[in-house]
Amino acid sequence: MIAMVTGASSGFGEAISRALVKAGHRVIGTGRRAERLAALGDELGDSFLPLVFDVQDKAGTRSALEGLPADWREVDLLVNNAGLALGLAPAHQSDLDDWEQMIATNISGLTLVTRLLLPGMVARNRGHVINIGSIAGTYPYPGGNVYGATKAFVKQFSLNLRADLAGSAVRVTNVEPGLCGGTEFSNVRFHGDDAKAATVYQGVQAIQPEDIANTVLWIGEQPAHVNINSIEIMPVAQTFGPLHISRG
Ligand code: NDP
Ligand code: 8X3
């Protein structure tokens, strides 16, 4: 099987790529950082094809996919993982550029790659789109404003794809992880403030990228008649709090 994993240069995408190759699949790993993808290619060998593009760049994404070598074009599994959170400020203090970048990446980029690969899957009547959403798409939290809203989009987009794929064998799943360490997620969210990023995981046994990779592998390995619509995964250490009430 040929898989495309977006955001393979770090975190979940890197772990998912490793797990898929280890399971005997061929993986196209994408991202903006060519050197990271090349290093992963050195590790994984001929089963891994690095493909550099920015999902915010429509023309660049289209030409990267159109330029795939002939024997790498029939993608059976698309893992839409590339994404990011930027900032944790309340909405009225957030940076509008951060908001626009999250929307351009998590929504426009994800829908673009999906739209480009889906026709081939439908034509072959074979394929699986696994989107990496988030618990932030279901549960609101202070400062989650646009990030959570982009993941709510991913959740509903996943369900609506299933509706459009009625009668087709193509499957769609939304993976909704909670607090996960071992990635650059918080370093990116806090614009390179690594000390602040580290505090997010202090004293917590968070989910690791390998846990998400195992989950993706399991979802993909279900029998062809089974569609896992969504799966929500949190560390045991993360749970729910009471709703906030402001008292006068
Ligand atoms: P990382 O920051 O470690 O990885 C993000 C990946 O996305 C990188 O490979 C990055 O590659 C890629 N990416 C970001 N922007 C673009 C872009 N414009 N074009 C192409 N690739 C891009 O974070 P995670 O591994 O933690 O995050 C992966 C996904 O999981 C995200 O969608 C995130 O929202 C989601 N998630 C993360 C959770 C967590 O707690 N870590 C929990 C729930 C969901 P490059 O910089 O090379 O372009
Ligand atoms: C990442 C998890 O809770 O930081 O999507 O938004 S959270």
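Before reading further, recall that the structure is shown in the block above.
Throughout this document, residue positions are counted from 1 along each chain, in the order its sequence is written. A letter from A marks each chain and a number from 1 marks each ligand, given out in the order of writing. The predicted origin of the model limits local features to residues at a pLDDT of at least 70 and limits the giving and counting of side-chain atom pairs to 80 or more, whereas totals for whole chains, interfaces and linings rest on all residues.

1. A short note on the site of ligand 2
Link 1 in the chain: Taken together, Ser134, Ile135, Ala136, Gly144, Gly178 and Leu179 form the complete shell of residues around ligand 2.
Link 2 in the chain: Polar here means any residue outside two lists: the nonpolar Ala, Val, Leu, Ile, Met, Phe, Trp, Tyr, Cys and Pro, and the charged Asp, Glu, Lys and Arg; Gly therefore counts as polar. Considering only residue class, the shell around ligand 2 consists of three nonpolar, three polar and no charged. Using a C-beta atom placed from the backbone for every residue, we mark a residue as near a molecule or strand if that atom lies within 6 Å of it.

2. Comments concerning the pairing of strand β5 (residues 128–132)
Link 1 in the chain: Most of β5 sits inside the fold, with five of its five residues counted as buried.
Link 2 in the chain: Alternating positions in β5 separate into two faces, His128, Ile130 and Ile132 on one and Val129 and Asn131 on the other, with burial throughout.
Link 3 in the chain: If DSSP finds at least two bridges between two strands, the strands pair. Numbering of helices and strands runs from the N terminus; a helix is a DSSP stretch of H or I covering at least four residues, while a strand is a stretch of E covering at least two. Summarising the sheet, strand β4 (residues 77–80) and β5 pair through four bridges and their orientation is parallel. Paired with Leu77 across the two strands is His128, which belongs to β5.
Link 4 in the chain: Once the chain exits β4 it traverses helix α4 (residues 96–124) before rejoining the sheet at β5, and the crossover so formed is right-handed.
Link 5 in the chain: Sheet analysis places β5 next to strand β6 (residues 171–177), joined by five bridges and oriented parallel. Bridging across to β6, His128 finds its partner in Arg171.
Link 6 in the chain: Between the parallel elements β5 and β6, the chain passes through helix α5 (residues 145–164) in a crossover that is right-handed. Three classes are used. A residue is buried when 20 or more other C-beta atoms lie within 10 Å of its own, exposed when 12 or fewer do, and partly exposed in between, with C-beta atoms placed from the backbone. By convention a crossover is right-handed if, when the strands point away from the viewer, the path from the first strand over the helix to the second runs clockwise.

Read these as spatial facts, not as claims about activity.
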